[in-house]
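Understanding the architecture of this molecule
Given next are the chains, with one letter for each unit.
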Amino acid sequence: MNGVASYNFAYLDEQTKRMIRRAILKAVAIPGYQVPFSSREMPMPYGWGTGGVQVTASIIGQNDVLKVIDQGADDTTNAVSIRAFFAKVANVATTTHTADATIIQTRHRIPERKLEAGQILVYQVPIPEPLRFLEPRETETRKMHALEEYGLMHVKLYEDIARHGRIATTYAYPVKVEGRYVMDPSPTPKFDNPKMHRSQALQLFGAGREHRIYAVPPFTDVVSLDFEDHPFEIQHFEAPCALCGAEGVYLDEVILDDRGGHMFVCSDTDHCEERRQAGHVGDQGMREAAE
Amino acid sequence: MYVAVKGGEAAIANAHRLLADRRRGDRSVPALRLDQIVEQLGLAVDRAMGEGSLYDRELAALAILQARGDLIEAIFLVRAYRTTLPRFGYSEPIDTGTMRIERRVSATFKDLPSGQMLGPTFDYTHRLLDPSIVGEDAEAPVLREADAVQALRVTDLLGRQGLMEPDGETDPHRPVGDLTREPLDFPLDRDLRLQALARGDEGFLLALGYSTQRGYGRTHPFVGEIRIGEVDVEFDITELGFAVSLGRIRVTECQMVNQFKGSAKVPPQFTRGYGLVFGQAERKAMSMSLVDRALRAKEFGEDVVAPAQDEEFVISHSDNVQATGFVEHLKLPHYVDFQAELDLIRRMRAEHDGIQEAAE
């Protein structure tokens, strides 16, 4: 039972890493295509980011600097837990600064700061199949991808417009990659979709429970699906971040009391902190300083 | 003033300390030992081994202890350990025909060669709570040595008369399917399907098996035979050129005999559903064989109309470690996506109010 306590570098054995790297290479070669891989049980539950963790474990080296975010924040419990996992099993340096990280594992957000060449963004993906809620069968959806038969998706978006006057998808908004595969960007808000387009960073997507890996290589076209008369648009917030005053960033609503009081603050905690350190102050930030 | 989930690290550490404390419970009560769990909660251990796909009673007991008796959590612990083990190869197929039988019953014949043996079963016990077992230390009864009889399987008895579909032919050189090493690709071959069912959730398979009995994909089943006992596991070592025994494992095997009318190509004969599970796990083995038979619908040209006959549906949802992970992950923060939905619904309501006002 002594074996229980000792692990290979980054937890996974080297054979498994090779298998996952092969899947990643194939995914990079066919942007947006979901490559089946033999997902392993990880020491955290399915749904907690096992796909992302396996991808990160397969690509991380001793000199990498890892950042982990969940909902844009470095300090949400699961981000803390995954960061601690890699600090333990790979003994790598970790950071909360987007600019310092070589690998960023994320759940549901893309950092506000523009990613640079050489950085890798690893997404945790719950349901990799963008067509899954239109067609539950894997055997069918694989055929649809093979035949590039995406009419069903357009019908869904059209029905949204007919019913609600707009496309009612706000996150996990489907994109077309390099003019070929329709891809689920993972449940990031559609606000982040434009950041994927021709990003300098390599974007890898891991879905552990669903046994799929896919990728968007640097400088790849990623176009959100839309119609000529209903062009894709991102969310706009009416007020800037209450703490750092940032505009054009994704905001979280924080409830302040039970009388409807609330404020909006940056979802990207690192971005917010860096701005405040640089002297930017928002509405509530000022009041806080005054108190 | 903005304190949302700051200090996650300390919170996690404290939660884990509290969990460890709750697991141990009242310190004036003696701590459980693994051998107590192995010996006295044997069927829980068997379930953790079976669905954890790792035959090790002591590790399964440790998992149950660590999981505070939550069996799905224990199964998860076993799986997460199992996946780190090196894979040396695949054993020879076990031969349940040479099983050292402890229990063997057939519902299709009153008596049969080598007889029926009830073994350690709950069947025919009266389910009356029995306070006398608490803290008891009754003397162990004298056990008869298990006969090393070669009890022919009921399906083989019927097979000799041509009334039973034969075992399928398998190429012995065909690589062994392994769902823990290759991603599933539907439709599956039966070996992979049986593998998935063998580690599938007992409750899920029980409910699906039950549904076939109630008419959702009826298969007219009879228990041809259930047998529980120990079999040898042999491993072919290429350097030696012959198979050596690695030891013995206890398994439960269920062969369900099902009606089949026959077709233009096949004369009328009985068909089979198969269940094989680590340890003593009769409910699971029976459920598995019902579902296995239901999933063979296409093979026999039956209409696929019920959930239990739908391979992709059954196999995609039978794994309780996957299922519990995805269901329970809903408690992780989702506030970014929720914010997006909140924003949309506010806009739509504002528009709606505008239309209402314009109408008035």
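Residues numbered from 1 in each chain as written. Chains lettered and ligands numbered in written order. Predicted model: local features only at pLDDT ≥ 70, side-chain atom pairs only at ≥ 80, totals over all residues.

Per an unreviewed UniProt entry, chain B goes by the name Carbon-phosphorus lyase complex subunit PhnI and belongs to Devosia aurantiaca.

Basically, it comes down to this: UniProt positions are given in the numbering used here, feature names are shortened, and annotations may be inferred rather than shown by experiment.
An unreviewed UniProt entry annotates chain A as Alpha-D-ribose 1-methylphosphonate 5-phosphate C-P lyase of Devosia aurantiaca. Its UniProt record gives chain A the following Function (unreviewed entry) comment, quoted word for word: "Catalyzes the breakage of the C-P bond in alpha-D-ribose 1-methylphosphonate 5-phosphate (PRPn) forming alpha-D-ribose." You can read under Catalytic activity (unreviewed entry) in the UniProt record for chain A the words "alpha-D-ribose 1-methylphosphonate 5-phosphate + AH2 + S-adenosyl-L-methionine = alpha-D-ribose 1,2-cyclic phosphate 5-phosphate + methane + 5'-deoxyadenosine + L-methionine + A + H(+)".

Quick notes on the overall build of chain A
Here is the rule we go by: Note on conventions: DSSP H or I runs of at least 4 residues are helices, E runs of at least 2 residues are strands, and numbering of each starts at the N terminus. To sort residues by burial, count the other C-beta atoms lying within 10 Å of each one's C-beta; a count of 20 or more means buried, 12 or fewer means exposed, and anything in between means partly exposed. C-beta atoms are built from the backbone. Here the contact rule is simple: place C-beta atoms from the backbone, and any two residues whose C-beta atoms are within 7 Å are in contact.
Counting secondary structure elements, chain A contains 8 helices and 12 strands. If you line up chain A on its principal axes, its C-alpha atoms span 60 × 55 × 35 Å. Scored against the burial criterion, the 291 residues of chain A give a buried share of 49%. For chain A, contacts bridging at least 24 residues in sequence account for 62% of all contacts bridging at least 6.

Let's talk about the sheet that holds strand 7 (residues 181-183) of chain A
Residue and element names in this part refer to chain A. Worth spelling out the cut-off: At least two bridges found by DSSP between two strands is the condition for calling them paired. Every axis in this analysis is a line fitted to C-alpha atoms, fitted for helices over the stretch in contact. Angles between the N-to-C directions lie between 0 and 180 degrees.
What the 3 strands build is an open sheet, ordered 7-6-10; its pairing is antiparallel. Sheet topology places strand 7 and strand 10 (222-224) at the edges, where each strand pairs with a single neighbour. Here the strands of the sheet are splayed against their neighbours by 35° on average, with no regard to which way each runs. Judged from the 3 bridges that link them, strand 6 (residues 175-177) and strand 10 form a sheet pairing that is antiparallel. Paired with Lys176 across the two strands is Val223, which belongs to strand 10.

Concerning helix 8 (residues 202-213) of chain B
All names here are of chain B. Stated precisely, the cut-off is as follows: Each residue after the first adds 1.5 Å to the expected span of a helix. As used here, the arc is the angular range of directions from the helix axis to the C-beta atoms.
Taking 1.5 Å of rise per residue, the 12 residues of helix 8 would be expected to cover 16 Å, and the 17 Å separating its terminal C-alpha atoms lies within 8% of that figure. Looking only at helix 8, the buried set comprises Leu205, Leu208, Gly209 and Thr212. For helix 8, the angular spread of buried residues about the axis comes to 100°, placing them on one side. Residues of helix 8 that are buried sit in contact with helix 7 (190-198), helix 9 (282-295) and helix 10 (311-317). Gly215 sits one or two residues past helix 8 and shows a positive phi near 110°.

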